[in-house]
Amino acid sequence: MPETKKQRWRLRRLLALFFFALIITAIYSNSFNASWHLDDLPNIIENKGLHINNLKPESLVRTFFSSPRAGGSISNRLYRPIPCLTLAINWYFGKDNVLRYHAVNTLVHILTAYFLFLTVLNILKSPNLGNEYQGKENFIAFLTAVLWAVNPIQIQAVTYIVQRMASMAAMFYILSIYFYLKTRQSQHSVRRVLLLLGCALSFICALGSKENTVTLPLALLLIEIIFFQDMSSRKVRKAFFWCSIAGGVLLVVFSAWPFLSGTPFSFVKGYDVRPFTLFERLLTEPRIVLFYLSLIFYPIPSRFSIEHDITVSTSFFQPWTTLPAILFHLILIVFGCYQIKKRPLLTLAILFFYLNHIIESTIIPLELVFEHRNYLPSLFLFLPVAAGFKKLLDYYKEKNRVFRSVLLCSLVFLVVVIGAGTYIRNMAWATEKILWEDAMRKAPNSHRPLHNLAFNYYGKTGQLDKALELYQKSLDLRTNNNYANPIAMSNMALIYVRKNNFEKAIALWERALSVEPVLGSIQYQYVIGSIEMKDWQRALVAINRLIEERPTHFNYNYLKGYILLNQKQYDTALGYFERSLKVIADNNQALLGAGICNNLMGQYQQAEAIFNQAQRLYPEDELILLWLVENNLRQNDSQEVDRYLKKLLEITSAEELFESLERNKDKHFLPPDSKAVILKMVKS
């Protein structure tokens, strides 16, 4: 390639990247302070495995096993290591400040759009297309990526922080396709090997981001068939037929593997917690996928929601739209196959979309509908649209230049309107209250909006009666799993604990446990409520049941240590704090508990070492410094007492500390002697 041509080539790509960054940043600019939502809490905020305080290799590797289901312990299986690593680094630099998380998510979206642009450029240069799109490829590729990137259907994968897993998976997926295309088009053997390695590495990163990217080999096979092979040859058709069969079998095996914990069909047990069967899900999903398509091509902000009212299909005719939806998809897939030679871009768009819904929209017992599931499948949906529009522009280039200008202006207007729709829809993600009130209006028959509004807003702001009212209403609405109502009852019980109505709290917990006696989250809340009531014996019985089920669970061991500490069983409590520290060695609460137990048993040197370790890790933790004061008071070491008091007053004023101690005077971990010294010092 001549140097001048190469420079123009690079400039176009840099300009494309610049415009993607400009457009996407503009339409997502009002989402950078959007709060934490839904699965963000267990996956990030409460996932102690991601809460690193250094960037040492062992700390970073540990994040690869930070499954939210492990309850703070380190899982023995990898859990989406690539996005988990990025979330942990976000936590290291900004803790729970949402700005940096949103900035990274937006950057991922920009890069995905750019890689889509590069991929489409190379598809349009593939052998089976000949010179059909020569000179048009930049326009088509750019328009494809822009229409995909600005569509509101992508909001859940971008603004919803934890769905970085979905967006990073798609980013590496499209990057792998790009490398494959470059491999097929390269003439140099060394470069082909390097590109193929890039393709394989990107595939591994995609799998390490989300399991549904297991479809990538079939996507590459699809691209090979459409754009590189002569399907008029019987031999080629036969070879690819058997490759497709083998690929389909491998896809089923590998896609089911992440969900298996026993026999090949053990995933079916997941339907035990769902209010629908496997057959009902298979009947319902065609209607949902059709709904997704309607959202993508008719992206009015008012149609999008975190929750959708979906009536489960119980037969081919109930509701009546079930069979027509199934037939629509079958016809569209067959049509796509028949268009492989005449309209290959349309074939790619259709078959790629369905291929990448095959994991989350078929047999796996996930919730029925989530908009972010379209982030990957929709990548090529706008390719035939962009190609068709370019063809229309070229047609009117000579025939009617005025009308061509009108078409171009209409296109710009369309992109602006869709982008504005995304900006408007992002407003609903600003806070938990706004998001769930929006969902409550759009899905009035659904349990979750009322439940989550009660839990995430009214319960946290102290509007307890309003929270109880919403919980009570939610009990009569459609749920997405069989645990929803027992969990709502358990949350109501916690509110009654806060209202000091312990009889109602216990009655609700017992009612919830009678419905779902083995549900760990309810038993866990039962423990928390019993601790709030200072009913240590009840809490101990409940925590023992949980530890029996999961003996290495961090929170369970920590809470048992806490309960035993308050029962003055210091030696036994110390054992449970130490067990929890084997799971997360640098947890401040567990270190504090272990230090307190040593202190109260008179083992001051051991306590001093543990408190100092905790203080090095958490230098601004007032409670740790208070216990260091306490530990040295008991050893009559006035010099050390003064030193730690000085440190304490470096991070807070005496007046603020006094107010904090008074406000938390019933806190079980407040040391008695140092508290008295501080109070005396402040009063003097």
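Note that this is a predicted model, so its numbers are computed, not measured. (Residues numbered from 1 in each chain as written. Predicted model: local features only at pLDDT ≥ 70, side-chain atom pairs only at ≥ 80, totals over all residues. Heavy atoms only, no water.)

Draft legend 1. Layout of the overall build of the protein. Scanning the protein for helices and strands turns up 31 helices and zero strands. Counting only residues that meet the buried cut, the protein has 52% of its 684 residues in that class. Within the protein, counting contacts between residues at least 6 apart in sequence, those at least 24 apart form 69% of the total. Looking at the protein as shown, the accessible area adds up to about 31700 Å², and 60% of this sits on carbon and sulfur atoms. (Helix = DSSP H or I, 4+ residues; strand = E, 2+ residues; numbered from the N terminus. Buried < 20%, exposed > 50% of the residue type's maximum accessible area, 1.4 Å probe, protein only. Contact = heavy atoms within 4.5 Å. Areas by Shrake-Rupley, 256 points an atom, 1.4 Å probe, with all protein chains shown as cover.)

Draft legend 2. Representation of unusual backbone geometry within the structure. Cis geometry marks the peptide bond from Gln318 to Pro319; its omega dihedral reads 0°. Mapped onto the elements, Pro319 comes out in the loop between helix H12 (278-297) and helix H13 (322-338). A positive phi is found at Arg80, a non-glycine position, where the angle reads about 40°. Positionally, Arg80 belongs in the loop between helix H3 (57-62) and helix H4 (81-94). A positive phi angle, near 65°, is found at Lys568, a position not held by glycine. Along the chain, Lys568 falls in the loop between helix H24 (554-566) and helix H25 (570-583). Exposure remark for Lys568: the relative accessible area of 64% places this residue in the exposed category.

Draft legend 3. Structural view of the pattern of salt bridges. Across all of its chains, the model carries 19 salt bridges by this definition. Here Arg441 ties to Asp438 by a salt bridge, and the two come within 3.9 Å at their closest N and O atoms. In this pair, Arg441 and Asp438 are both assigned in helix H17 (residues 432-442), three residues apart and thus about one turn of the helix distant. Residue classification places Arg441 among the exposed residues on the basis of a relative accessible area of 61%. With its nearest N and O atoms 3.0 Å apart, the salt bridge here joins Glu630 to Arg634. In this pair, Glu630 and Arg634 are both assigned in helix H28 (residues 622-634), four residues apart and thus about one turn of the helix distant. (Salt bridge = Lys/Arg side-chain N within 4 Å of Asp/Glu carboxyl O.)

Draft legend 4. Quick peek at empty space enclosed by the protein. Tallied over the full model, the rule gives one cavity of 30 Å³ or more. Approximately 70 Å³ is the volume found for the largest cavity. Taken together, Ala166, Ala169, Ala170, Lys210, Asn212, Glu360, His372, Arg373, Tyr375, Leu376 and Pro377 make up the full set of residues lining the largest cavity. Taken together, the residues of the lining of the largest cavity sort by class into six nonpolar, two polar and three charged. (1 Å grid on protein atoms, 1.4 Å probe; cavity = no way out; pocket = protein on both sides within 12 Å on 5 of 7 lines; lining within 4 Å. Points joined across faces, edges and corners; volume = space filled by probe spheres on them. Nonpolar A, V, L, I, M, F, W, Y, C, P; charged D, E, K, R; others polar.)

Draft legend 5. Region of interest: the environment of Arg373. Assignment of secondary structure puts Arg373 in the loop between helix H14 (344-355) and helix H15 (383-399). Exposure remark for Arg373: the relative accessible area of 5% places this residue in the buried category. In contact with Arg373, not counting residues within four places along its chain, are Arg281, Tyr292, His357, Glu360, Leu366, Glu367 and Leu368.

Draft legend 6. Summary view of the side chain of Arg80. Arg80 gets classed as buried once you look at its relative accessible area, which sits at 18%. Side-chain polar atoms of Arg80 contact the side chain of Glu211, separated by 2.9 Å. Arg80 has contacts with Met165, Gly208, Ser209, Lys210 and Glu211, leaving out every residue within four places of it along the chain. (Polar contact = N/O pair within 3.5 Å; in protein donor to acceptor, adjacent residues only side chain to side chain.)

Draft legend 7. Region of the structure containing the nonpolar core. Of all hydrophobic cores here, the largest spans 190 residues; its most connected members are Phe20, Ile177, Leu348, Phe352 and Phe380. Considering every element that reaches this core, the biggest residue donor is helix H5 (residues 98-123), with 13 residues. Ignoring anything within four residues of it in the chain, the contact list for Ile177 reads Thr119, Leu216, Leu220, Ile223, Phe352 and Phe380. (Core = buried A, V, L, I, M, F, W, Y, C linked by side-chain atoms within 4.5 Å.)

Draft legend 8. Here's a closer look at the confidence of the model for the protein. A residue-level look at the protein finds 90% of positions with pLDDT of 70 or above and a mean pLDDT of 88. Counting contacts from residues 258-262, a segment whose pLDDT is below 50, to residues more than four positions away or on other chains yields nine contacts. (pLDDT = per-residue confidence, 0-100.)

Draft legend 9. Just the packing of aromatic side chains, in detail. In the structure shown here, the tally under the stated rule is 28 aromatic pairs. Judged by centre distance (6.3 Å) and plane angle (45°), the rings of Tyr114 and Phe115 are tilted. Both residues of the pair, Tyr114 and Phe115, belong to the buried class. For the ring pair Phe352 and Phe380, a centre distance of 4.8 Å and an interplane angle of 85° mean the geometry is edge-to-face. Of the two residues, Phe352 is situated in helix H14 and Phe380 in the loop between H14 and H15; the sequence distance between them amounts to 28 residues. Cation over ring: Lys390 sits above Phe139, and NZ or CZ is 5.1 Å from the ring centre. The lysine or arginine in question, Lys466, covers the ring of Tyr458, its NZ or CZ lying 5.9 Å from the ring centre. (Phe/Tyr/Trp six-rings, centres within 6.5 Å; stacked < 30°, edge-to-face > 60°. Lys NZ or Arg CZ within 6 Å of the ring centre and 35° of its normal.)

Draft legend 10. H5, seen in detail. An ideal rise of 1.5 Å per residue puts 38 Å on 26 residues; H5 measures up with 37 Å between its terminal C-alpha atoms. Within H5, 20 of the 26 residues are buried, which leaves it mostly tucked inside the rest of the structure. Backbone nitrogen of Leu99 and a side-chain oxygen of the N-cap are separated by 3.1 Å at the start of H5; the cap is Asn97. (Expected span 1.5 Å × (residues − 1).)

Draft legend 11. Representation of the packing of H12 against H13 within the structure. At a minimum axis distance of 8 Å, the contact between H12 and H13 shows a crossing angle of 65°. Between H12 and H13, the angle is such that the two are roughly perpendicular. Crossing handedness for the pair H12 and H13: left-handed. For the pair formed by H12 and H13, the contact residues are Leu283, Pro286, Arg287, Val289, Leu290 and Leu293 on the first element and Thr322, Ala325, Ile326, Phe328 and His329 on the second. (Axes fitted to C-alpha atoms, helices over the stretch in contact; angles between N-to-C directions. Parallel < 35°, antiparallel > 145°, perpendicular 65-115°, else oblique. Left-handed = near helix turned anticlockwise from the far one by under 90°.)

Draft legend 12. Here's a closer look at the environment of Arg303. Take Arg303: it is sitting in the loop between H12 and H13. When its relative accessible area of 24% is taken as the criterion, Arg303 is described as partly exposed. Setting aside chain neighbours within four positions, we find Arg303 in contact with Phe291, Ser294, Leu295, Tyr298 and His308. At a separation of 2.9 Å, a polar atom in the side chain of Arg303 contacts the side chain of Ser294.

Draft legend 13. Quick peek at a positive patch on the surface. Residues Lys5, Arg8, Arg12 and Lys125 make up a contiguous surface patch of positive charge. Within the fold, Arg8 resides in helix H1 (residues 3-28). (Patch = residues over 30% accessible without salt bridge, like charges linked within 9 Å, V, L, I, M, F, W, Y side chains within 5 Å. Lys, Arg positive; Asp, Glu negative; His and termini not counted. Charge placed at Lys NZ, Arg CZ, Asp CG, Glu CD.)

Draft legend 14. Representation of a nonpolar patch on the surface. A cluster of nonpolar side chains, Leu11, Leu15, Phe18, Phe19 and Leu22, forms an exposed patch at the surface whose accessible area comes to about 480 Å². Here Phe19 is to be found in helix H1.

Draft legend 15. Broad picture of H14. For H14, spanning 12 residues, the distance from its first C-alpha to its last is 16 Å, which sits close to the expected 16 Å at 1.5 Å a residue. When you tally the buried positions in H14, you get 11 out of 12 residues, the bulk of the element.

Draft legend 16. Highlighting the side chain of Ser530. Mapped onto the elements, Ser530 comes out in helix H22 (residues 520-532). Accessibility expressed as a relative area gives 0% for Ser530, which makes it buried. From its side chain, Ser530 meets the backbone oxygen of Tyr526 in a polar contact 2.8 Å long. When sequence neighbours within four positions are dropped, the list of residues in contact with Ser530 reads Asp535, Arg538 and Ala539.

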